[in-house]
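Chains, contacts and geometry: an overview
Spelled out from the first residue to the last, the chains are:
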Amino acid sequence: MAKKKETISLVDTFSEFKELKNIDRTTMVSVLEESFRSVITKMFGTDENYDVIVNPDKGDFEIWRNREVVADTDLVNPNLQIALSEAQKIDASYEEGEEVTDEVNFAKFGRRAILNLRQTLASKILELEKDSIYNKYIDKVGSIINAEVYQIWKKEMLLLDDEGNELLLPKAEQIPGDLYRKGETARAVVARVDNKNNNPKIILSRTSPVFLQRLFEMEVPEINDGLITIKRIARIPGERAKIAVESYDDRVDPVGACVGVKGSRIHGIVRELRNENIDVINYTPNIQLFIQRAISPAKVSSIRLNEEEHKAEVYLKPEEVSLAIGKGGLNIKLASMLTEYTIDVFRELDDAVVDEDIYLDEFDDEIDGWVIDAIKAIGIDTAKGVLNAPREMLVEKTDLEEETVDEVLRILKAEFDEGVEPANDPVDIEEEREEVEETDLPAPAPTENESDNENKNE
């Protein structure tokens, strides 16, 4: 009788467990029934002739077994069959071929069966809990959540949500300026949910462009209302970002709405992103105008597009090149990311100073072949093309060392300096003419009055 009470108390035990794990009672009863059937199957090979009834209100359960009545000499499987003599002990009216249903006391299965039931039920509840976490967060991918910092490691950070679920914020998904302490609240976006071997891992991110988008949606009501749409975002976390916005209402200035009065709306976002500079520009489907806006504050002189290869050659005045490149090349890199075009910047030169160009291959005696190949790989195959390209762009796109690029520029510049004749420089031409007049013509030409006097004398 004590064993039966112990078995019945299993329902109450796991009922308390379900409250801790936020599993509803209906699901709990279903899992309990499956657990009983699993144990029965392990013991008897099948559970098809068993009925498991669980009463969630009383916390009680019953197990009934159905067996066919056979002659005493024909009994083969006691689990599926019952001898006629045994059946008539239950009810004298039973005959061969009829079905006998009798209640099974689970406690009589033994201590091992009870432990097996506990383990099976605990395992199923654990799986159910993991499925619940996965289903909860798979619907939250792309949403911002707040969580408490629980543990900080070298490569990642462990956070806990309001229900105690574990969330991971990898170091690669943290902004370089992030510095948290245990117990502080961190804000991030749910980047993805991995579910390998039914073991869900919720990965958060603070570097994702989606995080920046969600922050704008929270700070700018016009975006949340649908009046303004964020078309594209480009980010270098902790450094700088560019965001293109478009308004569906001509009365609403999308850039002004996102920035706010005296920057009131954007300042909160900048602080959250550790002082990441944010440029907000108007989106336009006109790709030339879009590139021109994306490369601001530099003023573009002209743009040459290659729409098939998504490449753009941007020509600027020499004084605008540094603005287009930006500090550390961030501006041109973000402009390329935002427009989805590979942008090459060129200095605009006057026709009067453009000399005849030379192919890079002709410098193979002074520049290593692999260096020439690296420069040609980015679409520049002439000396003038290298000299006209910004130094920062050459270093970034060719992956060459700065010293190597400087040496190439020195060699090419020296070649053109040697080949330039003084007559090609307008200032030098005037100076040379003055020198020639002073040396080769010692006596000045007679004036008009002097010529007239000479004619009269004659």
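Attention here is on the structure that accompanies the text. Since this is a predicted model, take the numbers as computed values, not measurements.

The helix and strand inventory of the protein chain stands at 17 helices and 15 strands. Burial analysis of the protein chain (458 residues in total) assigns 39% to the buried set. Expressed as a percentage of contacts within the protein chain between residues at least 6 apart in sequence, the contacts between residues at least 24 apart total 59%.

The three strands lie next to each other as β13-β14-β15, forming an open sheet whose pairing is mixed. Of all strands in the sheet, those with a lone pairing partner are β13 (302-306) and β15 (342-347), marking the two edges. The sheet shows a mean angle of 20° between the axes of neighbouring strands, taken without regard to direction. Sheet topology places strand β14 (residues 311-316) next to β15; six bridges connect them, and they run parallel.

Time to look at the packing of helix α5 (residues 209-219) against helix α8 (residues 264-272). Look at α5 against α8: their axes get within 10 Å of each other, and the N-to-C directions meet at 145°. In this structure, the crossing between α5 and α8 has a hand that is right-handed. Within the contact between the two elements, α5 uses Phe-211, Leu-212, Leu-215, Phe-216 and Glu-219 and α8 uses Arg-265, Ile-266, Ile-269 and Glu-272. For the contact of α5 with α8, the per-class residue count stands at six nonpolar, no polar and three charged.

Along the polypeptide, Arg-235 turns up in strand β10 (residues 228-236). The class for Arg-235 is buried, based on a relative accessible area of 6%. At 3.2 Å, the side chain of Arg-235 forms a polar contact with the backbone oxygen of Thr-207. Side-chain polar atoms of Arg-235 contact the backbone oxygen of Ser-208, separated by 3.0 Å.

This part is about the pattern of salt bridges. Tallying each qualifying case throughout the model produces 25 salt bridges. The residue Arg-67 makes a salt bridge to Asp-102 at a minimum N-O spacing of 3.3 Å. With Arg-67 in strand β2 (residues 60-70) and Asp-102 in strand β4 (residues 99-104), this residue pair connects regions lying 35 residues apart in the sequence. When sorted by exposure, Arg-67 lands in the same class as Asp-102, which is buried.

Relative orientation of the contacting elements helix α9 (residues 287-294) and helix α11 (residues 330-339) amounts to 150°, with a least axis distance of 9 Å. Taken as axis vectors, α9 and α11 run roughly antiparallel relative to one another. As for how α9 packs across α11, the hand of that crossing is right-handed. Of α11, the residues touching α9 (which contributes Ile-287, Phe-290, Ile-291 and Ala-294) are Asn-331, Ala-335, Leu-338 and Thr-339. Looking at side-chain class alone, the contact of α9 with α11 contains six nonpolar, two polar and no charged residues.

According to the stated counting rule, one finds three aromatic pairs in the structure shown. Ring geometry for Phe-44 versus Tyr-50: centroids 5.8 Å apart, planes at 20°, classification stacked. On the numbers, 5.4 Å between centres and 25° between planes, the contact of Tyr-315 with Phe-346 is stacked. Taken together, the residues Tyr-315 in strand β14 and Phe-346 in strand β15 connect sequence positions 31 residues apart. Judged on exposure class, the residue Tyr-315 and its partner Phe-346 are both buried. Lying over the aromatic face of Tyr-137, Lys-140 brings its terminal NZ or CZ to 5.5 Å of the ring centre. The residue whose ring lies beneath Lys-182 is Tyr-150, and the NZ or CZ to ring-centre distance is 5.1 Å.

Parameters and conventions
- Residues numbered from 1 in each chain as written.
- Predicted model: local features only at pLDDT ≥ 70, side-chain atom pairs only at ≥ 80, totals over all residues.
- Heavy atoms only, no water.
- Helix = DSSP H or I, 4+ residues; strand = E, 2+ residues; numbered from the N terminus.
- Buried < 20%, exposed > 50% of the residue type's maximum accessible area, 1.4 Å probe, protein only.
- Contact = heavy atoms within 4.5 Å.
- Pairing = 2+ DSSP bridges.
- Axes fitted to C-alpha atoms, helices over the stretch in contact; angles between N-to-C directions.
- Left-handed = near helix turned anticlockwise from the far one by under 90°.
- Nonpolar A, V, L, I, M, F, W, Y, C, P; charged D, E, K, R; others polar.
- Polar contact = N/O pair within 3.5 Å; in protein donor to acceptor, adjacent residues only side chain to side chain.
- Salt bridge = Lys/Arg side-chain N within 4 Å of Asp/Glu carboxyl O.
- Parallel < 35°, antiparallel > 145°, perpendicular 65-115°, else oblique.
- Phe/Tyr/Trp six-rings, centres within 6.5 Å; stacked < 30°, edge-to-face > 60°.
- Lys NZ or Arg CZ within 6 Å of the ring centre and 35° of its normal.

So, to be careful, I would describe these as geometric facts and stop short of saying anything about function.
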